[in-house]
Amino acid sequence: MKLAEALQMRADLTSRISSLRMRLGSNALVQEGEQPSEDPYSLLTELDACISQLEELITRINMTNCQTLSDGETLTALLARRDVIKMKVSAYRDLVNESSQSARRATRSEIKILPTVKVSALQKTIDELSKELRLLDNRIQQCNWTVDLL
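In short, a report on the structure. For clarity, every value in this text was computed on a predicted model and none was experimentally measured.

Re the overall build of the protein
Across its full length, the protein carries four helices and two strands. Seen in sequence order, the protein has helices and strands lined up from the N terminus as α-α-β-β-α-α. For 150 residues, the compact-globule estimate of 2.2 N^0.38 gives 15 Å, and the C-alpha radius of gyration of the protein, at 24 Å, exceeds that figure by more than 25%. Overall, the protein is about 75 × 55 × 15 Å in size when its C-alpha atoms are taken along their principal axes. Across the 150 residues in the protein, those meeting the buried criterion constitute 25%. Considering only contacts within the protein whose residues lie at least 6 apart along the sequence, 73% involve residues at least 24 apart. Total accessible area on the protein stands at roughly 10,900 Å², and carbon and sulfur atoms take up 52% of it. The distance from the centre of the 20 positive side-chain charges to the centre of the 21 negative ones in the protein is 15 Å.

Digging into the pattern of salt bridges
Taken as a whole, this structure holds seven salt bridges when the rule is applied. Bridged by salt links that share partners, the residues Asp-71, Glu-73, Arg-81 and Arg-139 form one connected network.

Examining the nonpolar core
Among the nonpolar cores identified, the biggest contains 27 residues, and Leu-57, Ile-61, Leu-75, Ile-85, Ile-140 and Leu-149 are the most heavily contacted of them. Among the elements of the structure, α1 (3-26), α2 (40-67), α3 (75-99) and α4 (119-146) are those that each provide at least two residues to this core. Looking at this core element by element, the count peaks at seven residues for α4. Apart from the residues lying within four places of it in its own chain, the contact partners of Ile-140 are Leu-75, Leu-78, Leu-79 and Arg-82.

Looking at α4
Given 3.6 residues per turn, any residue in an α-helix points the same way as the ones three and four places further on. Taking 1.5 Å per residue as the helical rise, α4 with its 28 residues ought to reach 40 Å, and the 40 Å between its terminal C-alpha atoms agrees with that figure. Residues of α4 that are buried include every one of Leu-122, Ile-126, Leu-129, Ser-130, Leu-133, Leu-136, Arg-139, Ile-140, Cys-143 and Asn-144, and no others. Next to the buried residues of α4 lie α1, β1 (69-70), β2 (73-74) and α3.

Conventions we followed
- Residues numbered from 1 in each chain as written.
- Predicted model: local features only at pLDDT ≥ 70, side-chain atom pairs only at ≥ 80, totals over all residues.
- Heavy atoms only, no water.
- Helix = DSSP H or I, 4+ residues; strand = E, 2+ residues; numbered from the N terminus.
- Rg over C-alpha atoms; globule rule 2.2 N^0.38 Å.
- Buried < 20%, exposed > 50% of the residue type's maximum accessible area, 1.4 Å probe, protein only.
- Contact = heavy atoms within 4.5 Å.
- Areas by Shrake-Rupley, 256 points an atom, 1.4 Å probe, with all protein chains shown as cover.
- Lys, Arg positive; Asp, Glu negative; His and termini not counted.
- Charge placed at Lys NZ, Arg CZ, Asp CG, Glu CD.
- Salt bridge = Lys/Arg side-chain N within 4 Å of Asp/Glu carboxyl O.
- Core = buried A, V, L, I, M, F, W, Y, C linked by side-chain atoms within 4.5 Å.
- Expected span 1.5 Å × (residues − 1).

So this is what it looks like as structure tokens:
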């Protein structure tokens, strides 16, 4: 199995676990004399099995990420870099959006609001980081589809 397939499987299991949790909640209480639409104990058994599968899969994915190299860097390091670049881009975009707000003034005597940062310079940085993020993500995806899961 390729790493990408395992990642898809992880997403499916996570979604299934979420669904089972909702179904358990819906069947936890019933009116006296009524029966739940699904057996909670059966749902718990299915939930436990899914969680066990997820634990094994996450362990194998993490082991694979730690041992897979791309140009001398582990996939784990690439994933960490991708996460922090995303965080940085998000923070810079928020700052640009806030700085780009134009305050409307009805008269010249009202207080003028000005940005404290150079929006154009920040936007250029965002564009550069976004390009780096795209290239990094392509590199990660290439590994995901070529590396076998340990």
